[in-house]
Amino acid sequence: MRIYLLGILSLVLLSSCAVNRKVKYDGVKLDLTGIKTKNIDLALLDHREAVIDGSRKPDFVGYMVSGAGIHWPMGTLSKNNLMDDLSNNLVNSLDKYNVKVTNVITKWQDDEKTIKSKLLALNGDIKIFFVFNQLNTNGYGIQFLYYNINVYIYNKSGELLKHKVIVGKDKLGGNIAFGPCSFETYMPKSMSKLFEDILNDKEILETINKDLI
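All of these numbers come straight from a predicted model, not from anything done at the bench.

## Brief notes about the environment of Asn89
By secondary structure assignment, the location of Asn89 is in helix α3 (residues 82-95). Here the alpha-carbon distance between Asn89 and Lys29, two residues 60 residues apart in the chain, equals 6.5 Å.

## Notes on the packing of aromatic side chains
If you walk through the whole model with that rule in mind, you get seven aromatic pairs. Seen from their ring centres, Phe132 and Phe195 are 6.2 Å apart, and the 50° between their planes marks the pair as tilted. Of the two residues, Phe132 sits in strand β6 (residues 126-138) while Phe195 sits in helix α5 (residues 183-199), which places them 63 residues apart along the sequence. An identical accessibility class is assigned to Phe132 and Phe195; each is buried. Seen in terms of ring centroids, Tyr152 and Tyr154 are 6.5 Å apart; in terms of plane orientation they differ by 15°. Their pairing is stacked. Owing to a relative accessible area of 14%, Tyr152 belongs among the buried residues under this scheme. For Tyr154, a relative accessible area of 4% gives the class buried. Three or more aromatic residues joined by ring pairs form one cluster here, namely Phe129, Tyr152 and Tyr154. Between the NZ or CZ atom of Lys169 and the centre of the ring of Phe144, over which it lies, the distance is 4.5 Å.

## Describing the pattern of salt bridges
In this structure the tally under the stated criterion is nine salt bridges. Residues Lys193 and Asp197 are paired through a salt bridge, measuring 2.7 Å at the closest nitrogen-oxygen approach. With a gap of four residues between them, Lys193 and Asp197 both fall in helix α5, about one helical turn apart.

## Examining unusual backbone geometry
Its identity as a non-glycine residue notwithstanding, Lys79 has a phi of 70°, on the positive side. With respect to the helices, strands and loops of the structure, Lys79 is situated in the loop between β4 (71-76) and α3. The phi torsion at Asn98 lies on the positive side, around 60°, for a residue other than glycine. Following the sequence through the fold, Asn98 ends up in the loop between α3 and β5 (100-104). Assessed through its relative accessible area of 63%, Asn98 is described here as exposed.

## Notes on the pairing of strand β7 (residues 144-155)
β7 sits mainly inside the fold: nine of its 12 residues count as buried. Bridging between β6 and β7 involves 12 bridges; their strand directions are antiparallel. Paired with Ile128 across the two strands is Ile153, which belongs to β7. Joining the antiparallel neighbours β6 and β7 is a turn of five residues, in which Gly139 adopts a positive phi near 145°. Both β7 and strand β8 (residues 160-171) contribute to a ladder of 11 bridges, which runs antiparallel. Looking across to β8, one finds that Ile149 is bridged to Ile166. Following β7, the chain reverses through four residues before pairing antiparallel with β8; Gly158 in that reversal takes a positive phi of roughly 90°.

Scoring rules and cut-offs
- Residues numbered from 1 in each chain as written.
- Predicted model: local features only at pLDDT ≥ 70, side-chain atom pairs only at ≥ 80, totals over all residues.
- Heavy atoms only, no water.
- Helix = DSSP H or I, 4+ residues; strand = E, 2+ residues; numbered from the N terminus.
- Phe/Tyr/Trp six-rings, centres within 6.5 Å; stacked < 30°, edge-to-face > 60°.
- Buried < 20%, exposed > 50% of the residue type's maximum accessible area, 1.4 Å probe, protein only.
- Lys NZ or Arg CZ within 6 Å of the ring centre and 35° of its normal.
- Salt bridge = Lys/Arg side-chain N within 4 Å of Asp/Glu carboxyl O.
- Pairing = 2+ DSSP bridges.

Shown next, in the form of structure tokens:
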């Protein structure tokens, strides 16, 4: 009976969390102390399939599965496109370390070549281009963060210095043991960790700081 009641309670809590489907991704702080280059150009392009085919809006961050098994789409609390929140986080975090960042505003409809041309036309010493093929959470009970990201790094002359594909599935939280609606905490933390891991990756960091090594 106790197990049965616990199961019912879990479903109720997860269902209630599914109703409040907004996540605060704006204002996320990143530890990027390893980046020493002081003039960077940046672009984040949303080419996630669910956004491109129109089934999800550009503010889409993942799904919360209700007790009835319904996959409720979740969006940003700010109502901004997810790429806008993420790029602002990068710009603001790097600003703390006196890194000047020029961000290219993008829309999911933009062609990758077009954004690349805009990025390379800027005057930064290093240019970082993220193309997102997947970035969202999903899972019944336990949530996972799924990502498939192309990271391109160019020098001031537009030469490609590094291309790395970042693919993964990270286990987060989500069942009753984590507390009701704890996604509001662990989802932003997981996104912060993802970008910190990418930009502090040894190969990527050495490439960004290439002229300073």
